[in-house]
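# Breakdown of the fold
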Amino acid sequence: MVAKAVLLVYLAALWSPSRGDLSTAPITTDWIPRVSSKMTTFAESQTGALQLVQEYDDNLSFTQTPIDGETQLHLLTQAAGDRLKKCREILERNKAEIEASHAQGPTGGAPASDCCDNLGQLEYDPRFLQRIVNDTCATFTAGAGDNTVRTSVYDTMKSNIHEMSGVTWQYYGAKDGEYHQFPKNDRSCGGSAHIFKNWYVSAASPKKKNVVIVIDVSKSMETANRIDLAKQAALTVLDTLTARDWAGVVSFSDNPETPVGCLGESLGEANLGNIDIMRDFINSRSPKLFTYYAKAFEKAFDIFYKAKQDKPEQFYDSNNVIIFLTDGEPTDAENVLDQITEGQDRMSRSVHIFTYGLGNSLQTAVSGWCDAPNGQCSRSSKGFLDDFFSAIAGNKDGIPALDFLATIADLNNMQISNAVTWTNENCEQDTYGPCFDSNRDPQGVGPPGRTDSVGDGEGDRLMTMMGSYYDFFQSEPEPTFSVPTKDEHLGLTITAAIRTMDTTSTFFGVTAVDISMDVVFNEIVNFNLGTYSHAFLVDREDGRVLLHRELPKPMEWPSEPTFLHLSAMQGALEDDEVTKILNGESGSSYHNNVKVPVTRGSAQSDGVITVEKAATFYYEPIPDTKYSVVLCLFDEDSTITVPVSVNPMNSTESLFHRLDLLDQNADVCSLYGNYATLDGSTIMFPPEAYSDPIGYLSSLETSEDVANIEQFLNDITGSVENPGLLDGVRTDVILTAAIEQFWRENDAESVWRYVGTRNGMFRIFPGITVDRRYDPTQQTWYKRALSRPGDYTFSRPVPSPFGGGNMVTISRVIAHTGTQQILGVIAADIIERQYYSLLYSEIPECLSAEFECFLLDDSGYFIELPTSPNMEHDHLTDRFPWLAKELVARGEFLTPGWCNSYVTQNSQLFYDTSGFTGLEVTTGPTCTQFSMYPVSNTNTFLLVLHNRQTTNCDDSQRQDCSCDEVCDTCDANVQSVCQCPCSCAWENEACSSGFLGVLTDIPCPPPRGVPSSQGAGQTNTPPPYQPGSGIQDCPVMCSAQSDRATCEALPHCGWCEELDFPVCKETCSPTTPEPTTTAATTTAETTLAPTTDVTTTTETTLVPTTDVTTTPETTLAPTTDVTTTAESPTTTEDSTTIAGITTPDPFLLGMVQIFCLLRLHSVKSE
């Protein structure tokens, strides 16, 4: 009964509604030092960072190696050039085989199986990163053509894959519909749709195209569903366009109409955004009334002329086309040729006109235009409204409407049989037709075009006719290389394609190969020299930057890419240097202040730190290609420090992560869908850690490979052959082996512990299988540590890629003490509850009715799961906008920064806390008092507020900070506006994809990390697959359980309440030594808890139990003076003191702690 009474007194004290200001709390003198000591001590106990640093210091030495920029650049261009040359050879080989087979005529047998049916036995192939049938070619034959491809073609394609791993899909499409693909799977099942694909079109018509689609939407288009047929045909034309083409669209009836925005006045680059705008415009058309040709052509030529004025280089060596579709004769026939002639004069007679007639009625219609000087179509023979009433009555004279469409297409070139020419004689006789200048040859008003027509119900034929407009333009059969596109499995790929010609040099199809950018440009993608130096790839044909440090790697693009021009990403390069690069020249330039963005953690939210350093830019073309490579070599990387190899004194017994390939008797179990061993760590290496990363990715590991790797790593004789690892990788394995012993011997409150080195080695404990593409150096935990190399960094809770749910990751840089050379990062994952125990166990006042404490990271985010399900993480600006506004206005703690995302093409707002030393406001209204200080040796900050519930504080007022995804204020010069992290769209010119203005010249870090397929099953995923039923489940990790119920449900786990803060462990032994008592008169003594009158006046005080002036780690114990004298509590090994009463039963203390946690949880929930 006494114990229960004491408990009630203590809880009443916690819930006291009395108020005080924060000045009574020893935050900077006591709380911060204790939390810092607790967090750093705990971080070291879980990671062993200092132990590993000592291991490297004791065993590692270095040599200095000078770096020559020109030599490094030449190695990059030569490697890429050799692979691209091989690709061209493969393409030419396929072309020759297909042409030879075609010359023999139809095969005479049944075509190969349809690629959509009878797929047979699919097996995973690492070169394709999916399942395929590797011994047959999938064929889909459509159209009127016969199968002309023989098995020799398939055999050639199969050998090509084995000759070069960068070559993936190979295919051939015939003009008449025949389609073949190697290898076989369900990738392409579109009938003859390949003739509308841009890979086919780009080879069939290699020149860039400028196209305006002109669609009739007059009233007659309602007949026989013509409007829908016209829309489908126009959309097919859009499908043929590549990123190098420009396009526009006009609909016409009474007046011409165009999309809103710049596409209403000019051609636009055929990128995804503009294509979608034109697609929506076409789909939204509805029939109106008349059919004014002249107005439509006037608008089409206006669009051409505006685009040529804005970007003349787009019209250098291009094919310019107006695709004109109508179902009726013109309402304004007398003006049509005048407008066309005027437009062609403005465009230097460079625009081809293709005319298409739709519908049965057009077959018998007349145009209203006469070719005879004495015809009834002269201008003088008609009144002002004659055309209007003739159109209504259907009474017209002149040549047939289809002949008039042929006349428009022929443009006086006399190449279309039913076309009519017009001359000055016609003009002088006052018949329709323009008067030419006397010095101008009327022949060839413009280049010749084509004309065709279909009847009602022939929509497929119309779609094929219009969609294959490009085959009008002949060219030499030279290979073309496309702008990269995203493949679902392979990442960015480039399609190399070439025309196939018969024995009479007539075009009959296209053969193509897809090449993986990750493979072909591997050395550029993974260039790793020094700290900041990098290389990037430029497509000189249109100036696009395809690979760059500020862009995702080819396997990491989250969506279809949009590439920017070099001028938008040139950084320190001058305009004349950009011109030299695009002209294919070689050279170099030196710059003193090159801005270097250093990632602070998450690419999406943490922003960057920017430093300026001197560097030299070297540039050189890749021989016989349209590509150039630029190398940025920083001065500090001109000499690099290279570790000397280390040999083990004893066998390390390191275990390669492919546990699924171990002996059947190995102690392996299933953990979170992975093969695992709880007895030790496993190691793995990403492709970049191998001397031949392409070869590594192109093959599947075997048991023999695993045995060879482990023999080499654990060899102490020096006689085992290196299985292909880079220098330095084995040294990392040997030196990090010591940390496994530390992890074994130290009680684990972490779920995972791991280390990643600069060379790419990754060691994780407990040991599991890991995705073979997992590169530790590209992970957020690694980058965050690099941004604060002297601190332990703590992440926000995120799902662990290794399993176990949401984790807080502790990480720290491993650097050689003597040289300061960064060698890697070591880390540990803990659950959120464990993280907050570091705070609450040291400062129990944070669980009182007086104070609330929060831990934030250096980006201003709370290190806890979000309170809103719609948010990834809570930011200070969102949870406490009044406080964020105060800090932003003061220019302290929250300093806004901006960076440019080249992936999403916007500017992102983030917050930086560099230089913030702390701030407190302990006067004024209780609800706006706060104290906020950095926790030393970490990336965190402690925020202390009065308890929001007991003080009835309302923090939901949104007027202080805007929290929309799109920023309210998009101005980098305005520093005092409070808004949540948000983004601002770039001010751009959509037609040209040019950017008129951005908020900063600092790039955001690109998203990193290949989406893991680990444990995703056996469909299109690489081994190792999920453990089968024969593998027993591992014992569930106690440290991953966050509540008592789930903990005690496990037979080997216990809920350890006697610890500083209750957690789930296998054994409940104290993690810290018992505190010693000190006198209550110590200088750190402070009255913190409120006074509560229960039956007598009871004053509760919290007194440090250790002298904080001599011991950095301090624990507070509550004391109560029941009379008038404050006495210090005493503790012994067998007793617990609560409110001045000593009891041998730890139950009460556990109950108090549980009660506090429940109260904290209820406050957060509210």
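Keep in mind the model is a prediction, meaning the values are calculated, not measured.

### Re the overall build of the chain
- Counting its regular elements, the chain contains 27 helices and 49 strands.
- Here the chain holds 1166 residues, and 57% of them are scored as buried.
- In the structure as shown, the chain presents an accessible area of about 46,400 Å², 49% of it carried by carbon and sulfur atoms.

### Overview of the state of the cysteines
- Taken as a whole and judged by the stated rule, the model has 10 disulfides.
- Put simply, Cys927 and Cys953 are joined by a disulfide, and their sulfur atoms are 1.9 Å apart. Because the sign of the S-S torsion sets the handedness, a value of about -90° for the bond joining Cys927 and Cys953 places this disulfide among the left-handed ones. Of this pair, Cys927 sits in the loop between strand E37 (919-921) and strand E38 (930-934) while Cys953 sits in the loop between strand E39 (940-946) and strand E40 (983-985), and the two are 26 residues apart along the sequence.
- For Cys953, a relative accessible area of 12% translates into the label buried.
- A sulfur-sulfur distance of 1.9 Å marks the disulfide that ties Cys970 to Cys984. One quick way to see it: the torsion about the S-S bond of Cys970 and Cys984 is about -90°, and its sign makes the bridge left-handed. Of this pair, Cys970 sits in the loop between E39 and E40 while Cys984 sits in strand E40; the two residues are 14 residues apart in sequence, bridging distant segments of the chain.

### Regarding the pattern of salt bridges
- All told, the structure shown has 48 salt bridges when counted by the stated rule.
- Taking the shortest distance from any N to any O, the salt bridge between Asp327 and Arg226 comes out at 2.8 Å. Within this pair, whereas Asp327 is found in the loop between strand E11 (318-326) and helix H10 (333-346), its partner Arg226 is found in helix H7 (residues 226-239), the two being separated by 101 residues in sequence.
- Judged by its relative accessible area of 2%, Asp327 is buried.
- The structure contains a network of salt bridges with shared partners spanning Arg244, Glu269, Asp539, Glu541, Asp542, Arg544 and Lys626.

### Remarks on the pairing of strand E35 (residues 895-901)
- Extensive coverage of E35 is indicated by the burial of 6 of its 7 residues.
- As defined by bridge partners, E35 adjoins strand E36 (residues 906-912) across 7 bridges and the pair is classed as antiparallel. The residue of E36 that forms the bridge with Cys899 is Gln908.
- Adjacent in sequence and paired antiparallel, E35 and E36 are bridged by 4 residues, among which Gln905 carries a positive phi angle near 55°.

### Regarding the packing of aromatic side chains
- Tallying each qualifying case throughout the model produces 49 aromatic pairs.
- Taking the centre distance of 4.6 Å and the plane angle of 15° together, the rings of Phe297 and Phe324 count as stacked. On the criterion of sequence distance, the pair formed by Phe297 in helix H9 (residues 293-310) and Phe324 in strand E11 is long-range, its members being 27 residues apart. Here Phe297 and Phe324 have matching classes, each one buried.
- Ring-pair connections join several aromatic residues into one group, and the members of that group are Tyr672, Trp752, Tyr754, Phe762, Tyr774, Trp781, Tyr782 and Phe802.
- The aromatic ring of Tyr292 is capped on one face by Lys295, whose charged end is 4.5 Å from the ring centroid.
- Looking at Arg730, its charged tip hangs above the ring of Phe712, at a distance of 5.2 Å from the centre.

About the cut-offs
- Residues numbered from 1 in each chain as written.
- Predicted model: local features only at pLDDT ≥ 70, side-chain atom pairs only at ≥ 80, totals over all residues.
- Heavy atoms only, no water.
- Helix = DSSP H or I, 4+ residues; strand = E, 2+ residues; numbered from the N terminus.
- Buried < 20%, exposed > 50% of the residue type's maximum accessible area, 1.4 Å probe, protein only.
- Areas by Shrake-Rupley, 256 points an atom, 1.4 Å probe, with all protein chains shown as cover.
- Disulfide = S-S within 2.5 Å.
- Salt bridge = Lys/Arg side-chain N within 4 Å of Asp/Glu carboxyl O.
- Pairing = 2+ DSSP bridges.
- Phe/Tyr/Trp six-rings, centres within 6.5 Å; stacked < 30°, edge-to-face > 60°.
- Lys NZ or Arg CZ within 6 Å of the ring centre and 35° of its normal.

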